[in-house]
Amino acid sequence: MDTSLLGRRALVCGSTQGIGLAAAVEIASLGAGVTLLARNIERLKAVAAELPRPAPGTQHHHWIAADFSDPSSVREAVRSEIQTDRPYHILVNNTGGPPAGLAIDATLEQFFAAFNNHLICNQLLVQAVVPGFKAEKYGRIINVISTSVKQPIPGLGVSNTIRGAVASWAKTLAGELGPFGITVNNVLPGFTSTERLGSLIAGRAKRQWITEPQVEEEMRASIPLGRFAEPREIGAAVAFLASPAAAYINGINLPVDGGRLGTL
């Protein structure tokens, strides 16, 4: 099975922590040069220096600082990078989820912010990299979203809504870009040991007047494998979809959730 990414370049978003970092590490481990995209410059520098380099001398890692709450800054930062360097072959769209809360209680500003952070920035990045994908005759777009696109998660009203929009956008792109050999797929993480999950657990415990360990126990009980995912397990799924081995996988939602979803 050909999973080598030697000679390929990947742009990985939200890649200084959690699932984004894990995806960057796995993709670099397969030989790709990785450009990290996130807000924290010091963290970006540190992660770029630590990424694997199985092909030293031919594998170069870079970073771009931009804030997804400001789509224009993302556009300009990536445009500058692409104008001065070789094309990319892989784009991993990933950013932190919206705050928890009921959909009925969400403000318009919360919906606008989530739409910008997720769908609008994804669109800008795709438009920036696709010309290079076409020229290189290799393209992989992987969106890290949520199992909520198959089964909404109670208490995550804004997130459920926006993640669903991203999934439909990606499916549409899969049809439009497939003729160019560009695949577009979504990875749907289940409960994963990240800062985001810790925040959701704390919020649920407070709302339900129970302890955080009790919330964790309830969550684990809903997972057939009986545990939370490690970020590297989600990263491995992303890296596989970025590889040549996944060339005929297009337009799918891939749950990586330990079997928690009650849907097919």
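Parameters at a glance
- Residues numbered from 1 in each chain as written.
- Predicted model: local features only at pLDDT ≥ 70, side-chain atom pairs only at ≥ 80, totals over all residues.
- Heavy atoms only, no water.
- Helix = DSSP H or I, 4+ residues; strand = E, 2+ residues; numbered from the N terminus.
- Rg over C-alpha atoms; globule rule 2.2 N^0.38 Å.
- Buried < 20%, exposed > 50% of the residue type's maximum accessible area, 1.4 Å probe, protein only.
- Contact = heavy atoms within 4.5 Å.
- Areas by Shrake-Rupley, 256 points an atom, 1.4 Å probe, with all protein chains shown as cover.
- Lys, Arg positive; Asp, Glu negative; His and termini not counted.
- Charge placed at Lys NZ, Arg CZ, Asp CG, Glu CD.
- Arc of directions from axis to C-beta.
- Polar contact = N/O pair within 3.5 Å; in protein donor to acceptor, adjacent residues only side chain to side chain.
- Core = buried A, V, L, I, M, F, W, Y, C linked by side-chain atoms within 4.5 Å.
- Pairing = 2+ DSSP bridges.
- Axes fitted to C-alpha atoms, helices over the stretch in contact; angles between N-to-C directions.
- Right-handed = clockwise from strand over helix to strand, strands pointing away.

K.L.:
Is there a simple way to think about the overall build of the protein in this case?
P.N.:
Along its length, the protein carries eight helices and seven strands. Since a compact globule built from 264 residues should have a radius of gyration of about 18 Å, the 18 Å found for the protein is in line with a globular shape. Taken over the C-alpha atoms alone, the protein extends approximately 55 × 40 × 40 Å along its principal axes. The 264 residues of the protein split such that 46% are buried. Counting only contacts in the protein whose residues sit at least 6 apart along the sequence, the fraction spanning at least 24 positions is 73%. For the protein, the exposed surface amounts to about 12400 Å²; the carbon and sulfur share of it is 56%. Looking at the protein, you have 23 positive and 21 negative side-chain charges, and the mean spots of the two groups are 5 Å apart.

K.L.:
So what exactly am I meant to see when it comes to helix α2 (residues 41-50) here?
P.N.:
Every α-helix winds through 3.6 residues per turn, so residues three or four apart in the chain are directed the same way. When we look at burial in α2, the residues that qualify are L44, V47 and A48. Projection of α2 onto a plane perpendicular to its axis shows the buried side chains occupying an angular sector of 100°, all on one side. Turned more than 90 degrees away from the buried face of α2, the exposed residues are E42, A49 and E50. Looking at the buried residues of α2, the elements they touch are α1 (18-29), β2 (33-38) and β3 (62-65). By the N-cap criterion, in which a side-chain oxygen at the helix start approaches the backbone nitrogen of a residue two or three places on, α2 is capped by N40, the distance to E42 being 3.1 Å.

K.L.:
Looking at this structure, I do not really get the nonpolar core. What am I missing?
P.N.:
For soluble globular proteins, the rule of thumb is that nonpolar side chains tend to be buried together. In terms of nonpolar packing, the biggest core is built from 34 residues, with L11, L37, L91, L125, F133 and I141 touching the most fellow members. Elements that contribute at least two residues to this core include exactly β1 (9-13), α3 (71-83), α4 (108-136), α5 (157-177) and β6 (182-189). If one sorts the elements of this core by residue count, α5 sits on top with nine residues. Apart from residues no more than four positions distant in its own chain, I141 is found in contact with L91, N93, V126, V130, F133, L177, I182, T183, V184 and N185. The next biggest cluster of nonpolar side chains, apart from the first, holds 29 residues, and it includes V12, I19, A48 and A246.

K.L.:
Would you mind going over the environment of V256 with me for this structure?
P.N.:
Residue position: V256 is located in strand β7 (residues 253-256). Between the alpha carbons of V256 and E195 there is a distance of 18 Å; along the sequence they are 61 residues apart. Discounting chain neighbours no more than four positions away, the residues touching V256 are V187, L188, P189, G190, E233, I234 and A237.

K.L.:
So what exactly am I meant to see when it comes to the sheet that holds strand β5 (residues 139-144) here?
P.N.:
The strands making up a sheet associate through backbone hydrogen bonding, with each pair oriented either parallel or antiparallel. Judged by pairing direction, the sheet is parallel, and its seven strands sit side by side in the order β3-β2-β1-β4-β5-β6-β7 without closing on themselves. Of all the strands in the sheet, just β3 and β7 have a single pairing partner and so form its edges. Each adjacent strand pair in this sheet contributes to an overall mean axis angle of 20°, direction not counted. As paired strands, β5 and β6 are joined by six bridges and run parallel to one another.

K.L.:
What is the right way to look at the pairing of β6 in this model?
P.N.:
Walk down a regular strand and you will see the side chains alternate between the two sheet faces. Here β6 lies mainly inside the structure; eight of its eight residues are buried. The alternating pattern of β6 places I182, V184, N186 and L188 on one face and T183, N185, V187 and P189 on the opposite face, and all of these are buried. With α5 bridging β5 and its parallel neighbour β6, the resulting β-α-β unit is right-handed. Examined bridge by bridge, β6 and β7 share four bridges and lie parallel to one another. Bridging across to β7, N186 finds its partner in N253.

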